[in-house]
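So you can see what is in the structure, the chains are spelled out below.
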Amino acid sequence: MSSLLKYIQYPFLWLQSIFHHFGRWITGLLDDNQQNGKKNTISVLDGVRGVAVLMVIVFHVNRVTGDNLWNQAANPLASSISTAGGTGVTLFFVLSGFLLFMPFAKALLYKTNWPLVRVFYMRRVLRIVPAYYVSLFLIVLFEHPEYLHRDHLKYLTLFLTFFMDSTRATFRQVNGPYWTLATEWQFYMLLPLIALGIALLVSRVPVKRRLPAVAFCLLGIMAWGLFVRYWGLYYLIYPSQTFLVPRSVLNVILFFSFGITGKYTEDFAVGMFISLCYIYSQHPSTDGKIVRGWQRLSPWMWAGGILIVVFDAIWHFKEFYVATSWPFLAGIRPDFDWLNEIMLAIGFGACIAAILYGSAGLKALFNWPLLRWVGLISYSLYIWHLPLLVLFQSRVMPLFHGLNLNRYVTYGLYWLWALAIIFPLAFLSYLIVEKPWMKLGDRWRLVLEKSHREKLKVQEAGVTHKQTFTEQGKAPALPQEAMTK
């Protein structure tokens with residue numbers, strides 16, 4: 001009998017051992033350090049990134065199943081939330097603004113060494129381009145070979161150069177989420193220039209007054225984003241209208257400054273603003289006062305952020321799905337297109353700010369290893385989930401055609417496909433494609449930073465030598481060997 005129990009227990013013990021080792025491996029990936037021993041990210045933001053990508057996946061699962069998980073007339077609130085998952089894209093933009101502006105914010109506030117721009121660009125290229133090009137090549141090769149024909153090469157060029165968000169011919173084509181990569185990429189290219197412009201504007205401002213000065217500049221960037229969105233939408237609706245320049249010239253300006261739905265400058269600027277406040281709060285000169293104030297306000301920021309996001313989801317639902325519900329929104333309907341993004345960004349930004357200095361319970365939610373793991377592979381999940389959902393819709397679901405499945409079973413089948421196929425493939429993409437290039441970028445970063453430090457030492461030595469020469473009023477004595485020569 002005991003031997004029989006051993007045979008029964010053995011497979012379970014084996015599975016337990018596998019899950020245990022897998023969990024330790026995942027923990028090691030989540031706690032991955034750079035070669036200088038520093039953490040790559042703020043850990044809770046891995047969880048926030050996981051939430052963002054799950055929102056987008058929920059949105060696309062709802063979309064491919066007909067956006068009918070709930071009866072839209074009977075359950076408008078639940079339907080509005082389920083159909084607004086695409087707003088996870090805004091959360092990604094706010095996160096990017098927050099994380100990438102941090103080194104520039106520190107330099108702007110405290111006149112520390114300016115981040116190496118070549119390191120910034122190098123790391124962004126190695127982080128984004130390899131996985132994107134691999135997915136683009138495979139999707140074009142197997143699903144859209146027409147882009148390899150001569151008449152589509154100009155459109156393929158837009159995909160290769162990250163301008164697929166700027167024309168209707170490429171916007172949300174090949175792979176729907178690609179357009180957001182173009183928006184992110186263009187922000188990456190401009191961020192060092194934006195930071196340099198801010199530095200020039202505040203160069204004469206004393207360090208004690210840098211926070212309001214830089215904050216004012218970021219508010220100006222938000223205002224600029226709203227201005228471009230408002231007028232960009234106007235000129236897209238009225239293609240015959242123009243201002244100061246011929247319409248053909250204006251179209252070129254719109255191509256680079258607006259595209260089809262805007263460049264989401266206001267979203268990135270909200271993240272940059274929170275980053276500025278976070279860097280300031282961390283400085284020893286504040287004596288922890290800002291941190292304690294932030295901790296006290298955290299519950300209010302969280303509640304306010306959630307309320308704003310839910311309100312925007314309801315507004316979005318009325319605008320695109322059920323125009324007869326919630327009459328109180330009718331009066332502000334014309335303002336949806338140009339105010340929607342800034343409202344979402346403020347809501348998500350408040351939530352991020354609350355999490356950074358929130359309670360232990362709130363932080364624990366976003367530090368949950370499984371959610372952080374989803375955040376770890378979020379980029380591969382993001383670029384692969386929709387093509388794989390469409391593959392399931394076109395190749396697998398027809399096999400169930402005669403079973404008359406209800407919408408809940410259909411919805412469950414799509415999530416089963418996501419858990420069994422999409423998540424594992426995204427994890428493999430992270431391990432095989434993303435991680436090696438990230439490691440390479442880390443090694444190159446160390447080389448470039450070491451070279452930069454050596455140049456600074458040489459320059460400092462030259463300045464010291466020049467000062468000594470000036471103070472003495474004469475040249476230092478030459479060695480005897482030099483005199484004989």
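Residues numbered from 1 in each chain as written. Predicted model: local features only at pLDDT ≥ 70, side-chain atom pairs only at ≥ 80, totals over all residues. Heavy atoms only, no water.

A. Examining the overall build of the protein more closely. Across its full length, the protein carries 17 helices and 0 strands. Within the protein, buried positions represent 45% of all 485 residues. Of all intrachain contacts in the protein linking residues separated by at least 6 positions in sequence, the fraction that spans at least 24 positions is 75%. When the accessible surface of the protein is summed, it comes to about 26600 Å², and 67% of that surface belongs to carbon and sulfur atoms. (Helix = DSSP H or I, 4+ residues; strand = E, 2+ residues; numbered from the N terminus. Buried < 20%, exposed > 50% of the residue type's maximum accessible area, 1.4 Å probe, protein only. Contact = heavy atoms within 4.5 Å. Areas by Shrake-Rupley, 256 points an atom, 1.4 Å probe, with all protein chains shown as cover.)

B. Helix α10 (residues 265–282), seen in detail. Its 18 residues place the ends of α10 26 Å apart at the C-alpha level, agreeing with the 26 Å of an ideal helix rising 1.5 Å per residue. Where burial is concerned, most of α10 is hidden: 13 out of the 18 residues are buried. (Expected span 1.5 Å × (residues − 1).)

C. Fine view of the packing of aromatic side chains. Inspection of every chain in the model, using the stated rule, returns 33 aromatic pairs. Seen from their ring centres, Phe392 and Trp417 are 4.9 Å apart, and the 35° between their planes marks the pair as tilted. Of this pair, Phe392 sits in helix α15 (residues 378–396) while Trp417 sits in helix α16 (residues 407–472), placing them 25 residues apart in sequence. Since its relative accessible area comes to 17%, Trp417 is described here as buried. One aromatic cluster is present, built from ring pairs that chain together Phe93, Phe171, Trp179, Phe187, Tyr188, Tyr264 and Phe268. Looking at Arg124, its charged tip hangs above the ring of Tyr188, at a distance of 5.3 Å from the centre. Stacked on the ring of Tyr264, the Lys or Arg Arg229 has its end atom at 4.6 Å from the ring centre. (Phe/Tyr/Trp six-rings, centres within 6.5 Å; stacked < 30°, edge-to-face > 60°. Lys NZ or Arg CZ within 6 Å of the ring centre and 35° of its normal.)

D. Local environment of the confidence of the model for the protein. Mean pLDDT over the protein stands at 84; residues scoring 70 or higher make up 81%. Predicted confidence for residues 33–37 stays below pLDDT 50, and this span has 16 contacts to residues more than four positions away or in other chains. Per-residue pLDDT stays below 50 along residues 475–485; that stretch engages in 4 contacts with residues further than four places along the chain or on separate chains. (pLDDT = per-residue confidence, 0-100.)

E. Representation of the packing of helix α7 (residues 178–201) against α15 in the model. Where α7 meets α15, the closest approach of the two axes is 9 Å, and the angle between their N-to-C directions is 135°. One way to sum up the angle between α7 and α15 is to call them oblique. Residues Tyr178, Thr180 and Leu181 of α7 touch α15, and the partners they reach there are Tyr379, Tyr382 and Ile383. (Axes fitted to C-alpha atoms, helices over the stretch in contact; angles between N-to-C directions. Parallel < 35°, antiparallel > 145°, perpendicular 65-115°, else oblique.)

F. Molecular detail of the nonpolar core. Judged by nonpolar contacts, the single largest core of 109 residues is most densely connected at Phe101, Tyr132, Tyr178, Leu181, Leu356 and Leu381. At 15 residues, the largest contribution of residues to this core is made by helix α4 (residues 88–110). Setting aside its immediate chain neighbours within four residues, Tyr132 contacts Phe159, Leu160, Phe162, Met164, Tyr178, Leu181, Tyr379 and Ile383. Membership of the second largest hydrophobic core comes to 6 residues, among which are Val228, Leu233, Leu250 and Leu254. (Core = buried A, V, L, I, M, F, W, Y, C linked by side-chain atoms within 4.5 Å.)

G. Molecular detail of unusual backbone geometry. In this model, Lys111 sits at a positive phi of 55°, which is unusual for a non-glycine residue. The residue Lys111 is located in the loop between α4 and α5 (117–142) in this model. Unusually for a residue other than glycine, Phe162 sits at a positive phi of about 60°. Mapping Phe162 onto the fold places it in the loop between α6 (153–160) and α7.

H. Highlighting the pattern of salt bridges. Scanning the entire structure with this criterion turns up 7 salt bridges. In this structure, Arg127 engages Glu434 in a salt bridge whose closest nitrogen and oxygen atoms are separated by 2.6 Å. A residue pair is termed long-range when its members are at least 10 positions apart, and Arg127 in helix α5 and Glu434 in helix α16 qualify at 307 residues. Owing to a relative accessible area of 2%, Glu434 belongs among the buried residues under this scheme. Where Arg229 meets Glu266, a salt bridge forms, and the shortest distance between an N and an O atom there is 2.6 Å. Of the two residues, Arg229 is situated in helix α8 (residues 210–237) and Glu266 in helix α10; the sequence distance between them amounts to 37 residues. Each member of the pair, Arg229 together with Glu266, is buried. Salt bridges linked by common partners bring Asp46, Arg49 and Arg372 together as one network. (Salt bridge = Lys/Arg side-chain N within 4 Å of Asp/Glu carboxyl O.)

I. How the structure looks around the environment of Ile128. With respect to the helices and strands, the residue Ile128 is situated in helix α5. Since its relative accessible area comes to 8%, Ile128 is described here as buried. Ile128 sits 309 residues away from Trp437 along the chain, and the two C-alpha atoms are 9.4 Å apart. Every residue in contact with Ile128, bar those within four places of it in the chain, is listed here: Phe162, Trp185, Tyr188 and Tyr379.

J. Broad picture of the packing of α4 against α8. At a minimum axis separation of 9 Å, α4 and α8 run at an interaxial angle of 135°. As the angle between them shows, α4 and α8 are arranged oblique. Across the interface between the two elements, Phe101, Leu108 and Leu109 of α4 pack against Arg210, Leu211, Val214 and Leu218 of α8. Here the residues of the contact of α4 with α8 sort into 6 nonpolar, no polar and 1 charged. (Nonpolar A, V, L, I, M, F, W, Y, C, P; charged D, E, K, R; others polar.)

K. Examining a nonpolar patch on the surface more closely. Taken together, Val134, Phe137, Leu138, Leu141, Phe142 and Leu148 make up a surface patch of nonpolar side chains, about 570 Å² in accessible area. Here Leu148 is to be found in the loop between α5 and α6. (Patch = residues over 30% accessible without salt bridge, like charges linked within 9 Å, V, L, I, M, F, W, Y side chains within 5 Å.)

L. Inspection of α4 at higher detail. With 23 residues, α4 should reach 33 Å at 1.5 Å per residue; the first-to-last C-alpha distance of 33 Å fits that figure. The largest bend in α4 amounts to roughly 50° and is located at Met102, with the proline Pro103 lying one to four residues further along. Within α4, 20 of the 23 residues are buried, which leaves the element mostly enclosed by the surrounding structure. Just downstream of α4, Lys111 is the residue with a positive phi angle, here 55°. (Bend = angle between axes of the 7 residues up to and from the residue.)

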